[in-house]
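# Examining the three-dimensional arrangement
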Amino acid sequence: MTQSVVSEIPVADHDALIVVDPQNDFCPGGSLAVPGGDEIFGAVNAVMPRFRHVIATQDWHPPEHKYFQALGGPWPYHCLAGSRGAEFHPSLNAAGIQETVRKGTNPDLDGYSGFAGTDLAQRLTDRGIRRVFVCGLATDYCVKATAIEAVEHGFETYVLTDAIRPVELQPGDGERALAAMRSAGARLVTSLDLSS
Ligand code: VGL
Ligand code: ZN
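The notes below deal with the structure included here. Here the residue numbering is sequential within each chain, running from 1 through the sequence in written order. Here every chain gets a letter starting at A, and every ligand a number starting at 1, in the order they are written. Residue-level local features of this predicted model are given only where pLDDT is at least 70; pairs of side-chain atoms are given and counted only at 80 or more, and the full residue set underlies all totals for whole chains, interfaces and linings. No hydrogens and no water enter the side-chain calculation; it runs on all heavy atoms of the structure.

### Here we look at the site of ligand 1
As a reminder, the rule being used: Residues are labelled near a given molecule or strand when at least one of their non-hydrogen atoms is within 4 Å of it. Here a polar contact is recorded for every N or O atom pair within 3.5 Å, except that within protein the pair must consist of a potential hydrogen donor and a potential acceptor, and residues adjacent in sequence are included only if both atoms are side-chain atoms. Each accessible area value is a Shrake-Rupley result obtained with a 1.4 Å probe; residue values ignore everything except the protein chains displayed when judging cover. Residues are called lining when one of their atoms sits within 4 Å of a cavity or pocket point, these points coming from a 1 Å grid over the protein atoms alone, where a cavity is a set in which a 1.4 Å probe fits but cannot get out and a pocket is an open set with protein on both sides within 12 Å along at least five of seven lines. The way we define it, a molecule is inside a pocket or cavity when more than half of its atoms are within 2 Å of that pocket's grid points. When residues are sorted by character, Ala, Val, Leu, Ile, Met, Phe, Trp, Tyr, Cys and Pro go into the nonpolar class, Asp, Glu, Lys and Arg into the charged class, and all the rest, Gly among them, into the polar class.
Neighbouring ligand 1 are D21, F26, L32, D59, W75, H78, Y112, L137, A138, Y141 and C142. For ligand 1, a nitrogen atom lies 3.0 Å from a polar atom in the side chain of H78. A distance of 3.0 Å separates an oxygen atom of ligand 1 from a polar backbone atom of A138. For ligand 1, the protein covers 99% of the area, taking 260 Å² as the surface of the free molecule. Mapping ligand 1 onto the cavity grids shows that it belongs to the largest cavity. When its residues are assigned to classes, the shell around ligand 1 shows eight nonpolar, one polar and two charged.

### Quick word on the coordination of the zinc ion (ligand 2)
Geometrically, a metal with four donors at the corners of a regular tetrahedron has ideal angles of 109.5 degrees, and one with six donors at the corners of a regular octahedron has ideal angles of 90 or 180 degrees. The line we're drawing: Coordinating N, O and S atoms are those within 2.8 Å of the metal (3.2 Å for Na, K and Ca), and as water is not part of the atoms, a site may appear to have fewer donors than expected. Each helix corresponds to a stretch of at least 4 residues labelled H or I by DSSP, and each strand to a stretch of at least 2 residues labelled E; elements are numbered beginning at the N terminus. Each residue gets one of three labels from its accessible area relative to the maximum for its type: buried under 20%, exposed over 50%, partly exposed in between, using a 1.4 Å probe on protein chains only.
Of the protein atoms, only D59 (OD), H61 (NE2) and H78 (NE2) coordinate the zinc ion (ligand 2), at distances of 2.0 to 2.1 Å. Donor residues for the zinc ion (ligand 2), ordered by position in the chain, follow D-x1-H-x16-H. Of the two residues, H61 is situated in the loop between β3 (53-59) and β4 (99-103) and H78 in the loop between β3 and β4; the sequence distance between them amounts to 17 residues. As far as burial versus exposure is concerned, H61 and H78 are alike and both buried.

### Considerations on the sheet that holds β4
We count it as follows: Two strands are said to pair when DSSP picks up at least two bridges between them. Helix axes use the C-alpha atoms of the stretch in contact, all axes being lines fitted to C-alpha atoms, and the angles between their N-to-C directions lie in the range 0 to 180 degrees.
Ordered by their spatial adjacency, six strands build an open sheet running β4-β3-β2-β5-β6-β7, and the pairing between neighbours is parallel. Where the open sheet ends on each side, the last strands, each with one partner, are β4 and β7 (187-189). Within this sheet the neighbouring strands show an average axis-to-axis angle of 25°, counted without direction. Strand direction decides the pairing type here: strand β6 (residues 156-165) and β7, joined by three bridges, are parallel.

### Here's the deal with empty space enclosed by the protein
The condition is simple: Grid points are joined across faces, edges and corners, and a volume is the space filled by probe spheres set on the points.
Going through the model one piece at a time under the given rule, you end up with one cavity of 30 Å³ or more. For the largest cavity, the calculated volume is near 110 Å³. The residue makeup of the lining of the largest cavity, split by class, is nine nonpolar, three polar and two charged.

### What to know about the pairing of strand β2 (residues 15-20)
Counting buried positions over the six residues of β2 gives six, a clear majority of the element. Because side chains alternate across β2, one face comprises the buried residues D15, L17 and V19, and the other comprises A16, I18 and V20, equally buried. Both β2 and strand β5 (residues 131-137) contribute to a ladder of six bridges, which runs parallel. Among the inter-strand pairings, V20 is bridged to a residue of β5, identified as G136. In the sheet, β2 pairs with β3 via four bridges, with the strands oriented parallel.

### Focus on the nonpolar core
Quick reminder of the rule: In plain words, nonpolar cores are sets of buried Ala, Val, Leu, Ile, Met, Phe, Trp, Tyr and Cys residues tied together by side-chain atoms within 4.5 Å. In what follows, residue pairs with any heavy atoms lying within 4.5 Å of each other are defined as contacts.
Among the nonpolar cores identified, the biggest contains 60 residues, and L17, V19, L124, V132 and L160 are the most heavily contacted of them. Counting residues per element, this core draws most heavily on helix α3 (residues 139-152), which supplies six residues. Beyond its immediate chain neighbours, meaning those up to four positions away, L160 contacts L17, V47, F133, V134, C135, V189, T190, S191 and L194.

### Section: the packing of α3 against helix α4 (residues 173-184)
The following threshold applies: Any angle between 65 and 115 degrees counts as roughly perpendicular, while under 35 counts as roughly parallel, over 145 as roughly antiparallel, and the rest as oblique.
Viewed as axis vectors pointing N to C, α3 and α4 meet at an angle of 0°, and their least axial separation amounts to 9 Å. Comparing the axis directions of α3 and α4 gives the class roughly parallel. Here α3 contributes T139, D140, Y141, V143, K144, A147, I148 and V151 to the contact with α4, which in turn contributes D173, G174, A177, L178, A180, M181 and A184. In terms of residue class, the contact of α3 with α4 is built from 10 nonpolar, two polar and three charged.

Without other data, these values stay purely geometric and don't point to any function.
Take a look at the structure:
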C-alpha cells in the first residue's frame, strides 16, 4: 500500500511516544505471541530518547476477563495482572518509560485501546501533548485501536510502521489495520522519518 511521503519529521516538546503493550506475552515464548514481536525493540528504543514524553500501555487483565477463551472469548489467557507475562519485555528500555497506563482491567471490555477506560487522554492533555507517535503490539488490535482513538481525541497521530507487528489471526489483518488507521486520519511513517 502507499505510505504517506514524509521525509523528515522534527520531534517537538508537545509530542509523545506511546509504546503499546511491549509485554512478554505478546513476544515469542509468550502466551499470545505476535510473530516477530520482539523485533520492534531496536526501533522503539532508538526513538525513545528523541521524545520528552514517553508513555507505555500495559495490557492488564483480571482472570475473569470476558475476552479469554475460557469465558467464551477469542484469546488465550495473557497479560494476567501481576504475572510475568504482563511484565515489560526485557529488550524494552524500560528506564526510558516515564508513565505506564494499565488497560483491559475491566472484565467486560476488550481493553484494546490505551484510551478505553483509562485517563490516558487526560494525562496527554495535562502534559500539553498535541501529537502522538504510536508503536508497539499488536498492529491489528491494540495499536490500531489506540491510534484511531488518538485521532478521535483530537491528537495529530503518527504510526511508526517499523516498530509494530500484527497477530494476524486472519492473513491480511496487518495490512487491513494499516489501511484502517490511515483512513481514520493517522499518518503512517517509519522511525527513520523522525529527525531530532
Ligand atoms: C492485544 C489481543 C488481546 C494487543 C491485547 O495488545 O494487541 N491483542 N489483548
Ligand atoms: Zn488483552
